[in-house]
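Now for the letters of each chain:
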Amino acid sequence: MREISPTPATTREVTVQRWRDGEIERVQDEVAEEVPVALTFHGVPHVVMLATPADLEDLAVGFTLSEMIVDSPGEIQSVEAAMRDDGALEVRIGIGAARFSELLRRQRNLTGRTGCGLCGAQTVEDAIRQPAPVSDGVSIDVKALHAALKDLRQRQEINLRTGSVHAAAWVLPESGIQIVREDVGRHNALDKVIGAVTRAGGDFHSGYFIVTSRASYEMVQKAVTVGGTLLAAVSAPTAFAVRLAEASGLTLVGFAREHQHVVYAHPSRLICTSTI
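Thresholds applied
- Residues numbered from 1 in each chain as written.
- Predicted model: local features only at pLDDT ≥ 70, side-chain atom pairs only at ≥ 80, totals over all residues.
- Heavy atoms only, no water.
- Helix = DSSP H or I, 4+ residues; strand = E, 2+ residues; numbered from the N terminus.
- Buried < 20%, exposed > 50% of the residue type's maximum accessible area, 1.4 Å probe, protein only.
- Contact = heavy atoms within 4.5 Å.
- Areas by Shrake-Rupley, 256 points an atom, 1.4 Å probe, with all protein chains shown as cover.
- Pairing = 2+ DSSP bridges.
- Arc of directions from axis to C-beta.
- Phe/Tyr/Trp six-rings, centres within 6.5 Å; stacked < 30°, edge-to-face > 60°.
- Salt bridge = Lys/Arg side-chain N within 4 Å of Asp/Glu carboxyl O.
- Axes fitted to C-alpha atoms, helices over the stretch in contact; angles between N-to-C directions.

Another point: the overall build of the protein. Helices and strands together make up the secondary structure of the protein, namely eight helices and 16 strands. Residues classed as buried in the protein amount to 49% of the 276 residues present. Relative to all contacts within the protein whose residues are 6 or more apart in sequence, the contacts with residues 24 or more apart total 53%. When the accessible surface of the protein is split by element, carbon and sulfur atoms take 48% of a total near 13000 Å².

In the sheet, strand β4 (residues 35–41) pairs with strand β5 (residues 44–51) via seven bridges, with the strands oriented antiparallel. Counted as the bridge partner of T40 is P45 from β5. Taking the residues between adjacent antiparallel strands as the criterion, β4 and β5 are bridged by two residues, where H42 takes a positive phi near 55°.

Our focus in this paragraph is unusual backbone geometry. Phi angles above zero are rare outside glycine, and H42 is one such case at about 55°. Positionally, H42 belongs in the loop between β4 and β5. The partly exposed category is assigned to H42, whose relative accessible area is 42%. In this structure, F255 is a non-glycine residue whose phi angle is positive, near 50°. Relative to the helices and strands, F255 is located in the loop between β14 (251–254) and β15 (262–265). Given a relative accessible area of 32%, F255 falls into the partly exposed group.

The topology assignment puts N188 in helix α6 (residues 186–199). Classification of N188 by relative accessible area gives buried; the value is 5%. Not counting the four nearest positions on each side in its chain, N188 is found in contact with M49, L50, A51, L59 and D183.

What follows deals with helix α8 (residues 239–248). Restricting attention to buried positions, one finds in α8 the residues A241, V242, L244, A245 and S248. The buried side chains of α8 occupy one side of the element, clustering within an arc of 165° when seen end-on. Along α8, the residues that are exposed and aim more than 90 degrees away from the buried face are A239, R243 and A247. Contacts from the buried residues of α8 go to α7 (217–225), β14 and β15.

Per the counting criterion, the structure on display carries four aromatic pairs. Ring centres of W170 and F209 lie 5.1 Å apart, and the angle between their planes is 55°; on these two criteria the pair is classed as tilted. Taken as a pair, W170 in strand β10 (residues 166–172) and F209 in strand β12 (residues 208–211) lie far apart in primary sequence, 39 residues in all. A single burial state applies to W170 and to F209, both of which are buried. Ring-pair connections join several aromatic residues into one group, and the members of that group are W170, F204 and F209.

So, on to the pattern of salt bridges. Oppositely charged side chains can form a pair if their charged atoms are brought close together. Scanning the entire structure with this criterion turns up 15 salt bridges. Residue R199 is joined to E57 by a salt bridge in which the shortest nitrogen-to-oxygen separation is 3.1 Å. Of the two residues, R199 sits in helix α6 while E57 sits in helix α1 (residues 56–66), which places them 142 residues apart along the sequence. Accessibility expressed as a relative area gives 45% for R199, which makes it partly exposed. On the basis of relative accessibility, which here comes to 24%, the residue E57 falls in the partly exposed class. Among the salt bridges present, the one from R181 reaches D58, with a minimum N-O distance of 2.9 Å. Of the two residues, R181 sits in strand β11 (residues 176–183) while D58 sits in helix α1, which places them 123 residues apart along the sequence. Among the ionic contacts, a cluster of salt bridges with common partners joins D55, E57, D58, R181 and R199.

Read across the sheet, six strands follow the order β11-β10-β12-β13-β14-β15 without closing on themselves; strand pairing throughout is mixed. The strands lining the two open edges of the sheet, one partner per strand, are β11 and β15. Mean inter-strand twist for the sheet, computed between neighbouring axes without regard to direction, equals 20°. Looking at chain direction, β14 and β15 are connected through three bridges and run antiparallel. Looking at β15, one finds that L252 is bridged to A265. Of the strands in this sheet, β10, β11 and β12 touch α6, which is tilted by about 135° from β11.

Below you can see the structure in the form of structure tokens.
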């Protein structure tokens, strides 16, 4: 096992045949990398994700919290990304003894497809968790939400080059976007942001999440589990996600664009100060 050096590439160039208006040309194109990343707890394998090889320690911290392997950030004792001798990427996480024993009892062995949020859960109860209701949280001006959505487009560095990765952002109502993370998997992108906010000492009651994907049940579940009070998605939510948002008190926004959005649950946190 050794440190990850040099930093793995997040994209690669390939030669493609491009067809446009009846004309064919061979050109170079940039595509996103997608690699297996193993998360281990005290050396015991837990899950293998297909992920973008960047911000892997953020991913591990976010996953550990959003999957309720621990209840609070203080229970995460260590996190270290490394490269195995065979070239595979691994993130080693240390947690308290009681939590580790509980994790072993759950006997959860996941192999995660890209964008798979409930892979490997052995029971319905494991997969369909009902998080505790969220607090009142923040109030957000609609104009500020739309401004953050516009800003996010230009902050997706990998997607601007490849067009194939998701992004998640952490936004403060008065300050705009604070953190952006990208990944080929939408759940991974959200976990990376959750991990980044946690490692920076942020408070999940003080801001909100934006994701450039649909708002599936698992995305709502992750946001609520860490105490998020508003999730805005560029695409639509699922009915299951809406039901969880309604039950947990989360404000759920779909079809979020620069000049429009649809609120599916708990609209009171959004404030409209002028006609849009």
